[in-house]
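Residue-level structural notes
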Amino acid sequence: MKHFLDIHQTAQSDLRSIIDNAISIKQARNGRPRGALDDDLPLKDHMVALIFEKPSTRTRVSFDVGVRQMGGQTLVLSGADMQLGHGETIADTARVLSRYVDLIMIRTFEEQTLHEMAEHATVPVINGLTNRTHPCQIMADIMTFEEHNGPIRGKRVVWSGDGNNVFASFAHAAKQFDFELVFTGPQPLDPEPALDGLYTTVRDPHDAVKGADLVVTDTWVSMHDPQSARERRHNQLRGYQVNEALMSKAKPDALFMHCLPAHRDDEATSAVMDGPHSVIFDEAENRLHAQKAIMRWCLEK
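Residues numbered from 1 in each chain as written. Predicted model: local features only at pLDDT ≥ 70, side-chain atom pairs only at ≥ 80, totals over all residues. Heavy atoms only, no water.

What to know about the pairing of strand 1 (residues 47–52)
Every other side chain in a regular strand lies on the same face of the sheet, so the side chains alternate between the two faces. Spelled out, the test is: Buried, partly exposed and exposed residues are distinguished by accessible area as a fraction of the type maximum, computed with a 1.4 Å probe on protein chains only: under 20%, between the cut-offs, and over 50%, respectively. A run of H or I in DSSP becomes a helix once it reaches four residues, and a run of E becomes a strand once it reaches two; helices and strands are each numbered from the N terminus. One bridge is not enough; two strands pair if DSSP finds at least two bridges between them. Classification remark: right-handed applies to a crossover when, strands pointing away from the viewer, the course from the first strand over the helix to the second runs clockwise.
Across the six residues of strand 1, five count as buried, placing the element largely inside the fold. Two strands pair when backbone bridges link them, and strand 1 and strand 2 (residues 73–78) are joined in this way by six bridges, in the parallel orientation. Across the sheet, Met47 pairs through a bridge with Gln73, a residue of strand 2. Between the parallel elements strand 1 and strand 2, the chain passes through helix 2 (residues 58–69) in a crossover that is right-handed. Bridge analysis of strand 1 against strand 3 (residues 103–107) gives five bridges, and the strand direction is parallel. Bridging from a neighbouring strand, Val48 pairs with Leu103 of strand 3.

Rendered as structure tokens:
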């Protein structure tokens with residue numbers, strides 16, 4: 001069973017194959033209408049369950065469109081629809097869904113929910129996001145970097161802001177793809193201790209981005225954070241905003257990424273997001289192609 005649960009749980013050779021395949025998939029669709037089918041229809045006669053405990057735009061649309069382009073069908077389910085882990089155990093839900101579908105993607109809160117789903121499903125399970133990691137996003141980010149600036153191996157990637165779930169997957173990727181990862185952010189928002197050794201910390205963001213090939217940030221607040229937490233985080237992170245002054249310290253050809261959605265002029269200025277370093281919309285598009293490659297890898301198509 002080939003689950004895609006986390007980057008550090010997937011072999012380096014498989015990760016490289018997925019990235020290379022994603023680039024080929026994108027190139028093969030150049031100039032086609034969005035609704036046109038892929039030539040080989042790798043998911044023909046396949047049904048894919050897309051489970052969302054958390055709201056979603058890019059994950060939902062990119063997976064849904066990707067399945068359809070590959071000739072498959074989708075069943076989109078919300079946590080409220082399923083009462084996931086409440087009215088029925090996650091293990092039983094996994095067993096039942098496996099009788100109906102060929103692949104499960106789940107976007108959930110707790111890491112344990114993902115792993116329990118994968119443990120009991122008899123079809124592949126893909127991590128669409130948990131509170132701890134976001135591996136599909138980082139696969140798209142690596143694809144985007146390599147499209148613009150070549151192999152990411154040996155490059156300097158600087159994360160400015162909160163050491164959150166997206167950063168965690170970047171840390172896993174730093175080891176698997178062999179690039180340097182630097183975290184710059186306030187000590188109270190440091191990444192989880194389990195990631196120690198996968199990155200270095202530089203508190204001063206202007207020092208951190210010197211020589212950077214890629215500068216990355218993410219929203220300072222979650223949609224579920226109370227107002228008090230939002231105010232506290234803004235105070236903590238204001239000095240780590242990615243603005244033109246900060247980007248000027250990176251390499252001249254450095255890229256800027258943000259997984260979106262963004263709070264413009266909070267974590268990053270509009271001048272940076274719409275500026276010459278930004279590849280945020282290529283990054284968003286590449287979620288589609290990277291996830292198609294992940295689904296094909298899971299199903300050995």
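Points about the sheet that holds strand 2
Convention followed: Axis definition: a line fit to C-alpha positions, over the contact stretch in the case of helices; interaxial angles, taken between N-to-C directions, run 0 to 180 degrees. Contacts are residue-level and defined by heavy atoms, with any inter-residue pair within 4.5 Å sufficient.
Spatially, four strands are ordered 2-1-3-4 in an open sheet, and the strand pairing comes out parallel. Where the open sheet ends on each side, the last strands, each with one partner, are strand 2 and strand 4 (125–129). Each adjacent strand pair in this sheet contributes to an overall mean axis angle of 20°, direction not counted. In this fold helix 2 packs onto strand 1, strand 2, strand 3 and strand 4, with an angle of close to 155° to the strand it touches most, strand 2.

Focus: the confidence of the model for the protein
Put simply, the test is: Here pLDDT means the predictor's own confidence in every residue, given as a number from 0 to 100.
Averaged over every residue, the pLDDT of the protein is 96; residues scoring 70 or more account for 99%. The element-level mean pLDDT for the protein is lowest in helix 3 (residues 79–82), coming to 80, with strand 9 (residues 255–258) highest at 99.

Things to note about the pairing of strand 4
Counting buried positions over the five residues of strand 4 gives five, a clear majority of the element. Where strand 3 lies against strand 4, four bridges are found, and the strand directions are parallel. Looking at strand 4, one finds that Met105 is bridged to Ile126. Handedness of the crossover joining strand 3 and strand 4 through helix 5 (residues 111–120) is recorded here as right-handed.

Some points on the pattern of salt bridges
As a reminder, the rule being used: Think of a salt bridge as a Lys or Arg side-chain nitrogen and an Asp or Glu carboxyl oxygen that are within 4 Å of each other.
Evaluation of the coordinates by the stated rule reveals 20 salt bridges. Between Arg95 and Asp92 there is a salt bridge, with the nearest N and O atoms lying 2.8 Å from each other. Of this pair, Arg95 and Asp92 both sit in helix 4 (residues 90–100), three residues apart, which is roughly one turn of the helix. In this structure, Asp274 and Arg264 form a salt bridge, with 2.9 Å as the shortest nitrogen-oxygen distance. Of this pair, Asp274 sits in the loop between helix 11 (270–273) and helix 12 (280–299) while Arg264 sits in the loop between strand 9 and helix 11, and the two are 10 residues apart along the sequence. Put simply, Arg16, Asp20 and Glu146 are held in one network by salt bridges that share partners.

Overview of helix 2
For clarity, the cut-off: A helix is expected to span 1.5 Å for every residue after the first.
Under the 1.5 Å per step criterion, the end-to-end length of helix 2 is 16 Å for 12 residues, consistent within 8% with the ideal 16 Å. Along helix 2, the residues that are buried comprise Thr59, Ser62, Phe63, Asp64, Gly66, Val67 and Gln69. For helix 2, the elements touching its buried residues are strand 1, strand 2, strand 3, strand 4, helix 6 (135–149) and helix 12. Phi turns positive, to about 90°, at Gly71, one or two residues after helix 2.

Section: the side chain of Lys292
Tracing the backbone through its elements, the reader meets Lys292 in helix 12. If near-sequence neighbours (up to four positions away) are discounted, Lys292 is found in contact with Ile25, Arg29, Asp38, Gly66, Gln69 and Met70.

Overview of helix 7 (residues 165–177)
Let me state the cut-off plainly: N or O atoms closer than or at 3.5 Å make up a polar contact, with two conditions inside protein: a donor-capable atom paired with an acceptor-capable one, and, for residues adjacent in sequence, both atoms drawn from side chains.
With 13 residues, helix 7 extends 18 Å between its outermost C-alpha atoms, agreeing within 8% with the 18 Å of an ideal straight helix rising 1.5 Å per residue. For helix 7, the buried fraction is high: 12 of the 13 residues fall into the buried class. Summarising the contacts, the buried residues of helix 7 are in contact with helix 1 (12–28), strand 4, helix 6, strand 5 (156–160), strand 6 (180–184) and strand 8 (214–217). Residue Asn164 occupies the N-cap position of helix 7, its side-chain oxygen lying 3.1 Å from the main-chain nitrogen of Val166. Once helix 7 finishes, Asp178 follows within two positions and takes phi at roughly 60°, a positive value.

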